[in-house]
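Residues per chain are reported as follows:
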Amino acid sequence: MMKKNILKQIDDILREHDDFVVAGHVNPDGDSVGSCFGMAASLKKRGKSVTVVLESYHEKFNVIPGKNMLCGSSFQALKPGVLICLDCADVSRLGGAGVLIEKASLTVCVDHHFTNKGFADVNFIDKNASSTCELVFRLITDDALNDKDIAAALYAGMVHDTGGFCFASTDKKTMHAAGRLISTGIPYTHIYNELMTSKSLIETKLLGSALNDCGTYFGGKIVCACVTQEMLDNVQINASTVSKGTGKDLDGIVEQLLAVRGAEAAVLIYARKTGEYKVSLRSHAVDIGNVASYFGGGGHRLAAGCTVTGELDEIKNKVIDMVTKAVKKNG
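Now for a description of the structure that goes with this document. (Residues numbered from 1 in each chain as written. Predicted model: local features only at pLDDT ≥ 70, side-chain atom pairs only at ≥ 80, totals over all residues. Heavy atoms only, no water.)

**Notes on the sheet that holds strand S1 (residues 19-23)**
Point 1. Pairing is parallel in the open sheet, where five strands are placed in the order S2-S1-S3-S4-S5. With partners counted over all chains shown, the strands left at the sheet margins are strand S2 (49-53) and strand S5 (122-125), one partner each. When strand polarity is set aside, the average angle formed by the axes of neighbouring strands in this sheet is 15 degrees.
Point 2. In this structure, strand S4 (residues 106-111) lies alongside S5, joined through four bridges in parallel fashion. Looking at the pairing, Val108 lines up with Val122 of S5. (Pairing = 2+ DSSP bridges. Helix = DSSP H or I, 4+ residues; strand = E, 2+ residues; numbered from the N terminus. Axes fitted to C-alpha atoms, helices over the stretch in contact; angles between N-to-C directions.)

Quick look at the structure:
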């Protein structure tokens, strides 16, 4: 009953207010981009004033319609009537857009991360949902089913956050929502391929480097790979290019590690800058969300991450030790 009341409360806000800013988390993924553009397009369709605040994102997310609604670097001057925070577990995940929290007359948060304590004035949080896009679909179903751009945005976010509907968070409600979005006539195969199978040459080379580096631990139940700054710098398309690999080119690698037969958990550690590393964690059934929380990160029970400072070997040993404990606890 509480969720129905929240849905009604947010629906009233969407109808009664006219000025909106929609913001997603730092280093946006498909769910963040899709939910922001889907929600913003719905508001625009209703005649509202709406601006989207997002950091730059991977070029593959250009398949998601709505880029024309992005604000750009001038977002700090905005004074939102209503600030809608999507796919953000806490204020820090908004990055620079966090300054808008104090400027907004009203704040709304829609999210599916289990670490979300409810930082907005109105919070719609469902940790069992496959994605924030699935929650946005519940809020704006009629608009999504009558506008292909909205439908494509929400479908794309659901595809990306479920690993192509392969993660354990995918359930009957997820597939039902995806089916209804597909029924609108969106290019669902093209969206799926762009997000799940297509890779740039740099991404392909980095995947090869990571897989070549990977090793198994705890009797093969844990698979780990590390990508150093040197590896990122050295991956180039050809001798004349100045293009280098970045963290955005590593998307999907940790899922490949988890695909190793016998693996119960996968760890990808990669350099962000000198002395700072991003740790991505995935599992089939092991609660690695608590591992990420231990290191100051967050996410979900089976998909989480954190940022850790220090020496790579020391970080790797600590993370593997904590993941080993989680695997043992899982039995």
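After that view, the rundown keeps rolling.
**Observations regarding helix H2 (residues 30-45)**
Point 1. In this model H2 runs 22 Å from its N-terminal to its C-terminal C-alpha over 16 residues, within 8% of the 22 Å that 1.5 Å per residue would give.
Point 2. Across the 16 residues of H2, 14 count as buried, placing the element largely inside the fold. (Expected span 1.5 Å × (residues − 1). Buried < 20%, exposed > 50% of the residue type's maximum accessible area, 1.4 Å probe, protein only.)

**Brief notes about the side chain of His300**
Point 1. Along the chain, His300 turns up in the loop between strand S10 (298-299) and strand S11 (303-309).
Point 2. In this structure the side chain of His300 is engaged in a polar contact, spanning 3.4 Å, whose partner is the side chain of His113.
Point 3. Discounting chain neighbours no more than four positions away, the residues touching His300 are His112, His113, Phe114, Ile288 and Gly289. (Polar contact = N/O pair within 3.5 Å; in protein donor to acceptor, adjacent residues only side chain to side chain. Contact = heavy atoms within 4.5 Å.)

These values are about where atoms sit, not about what they do.
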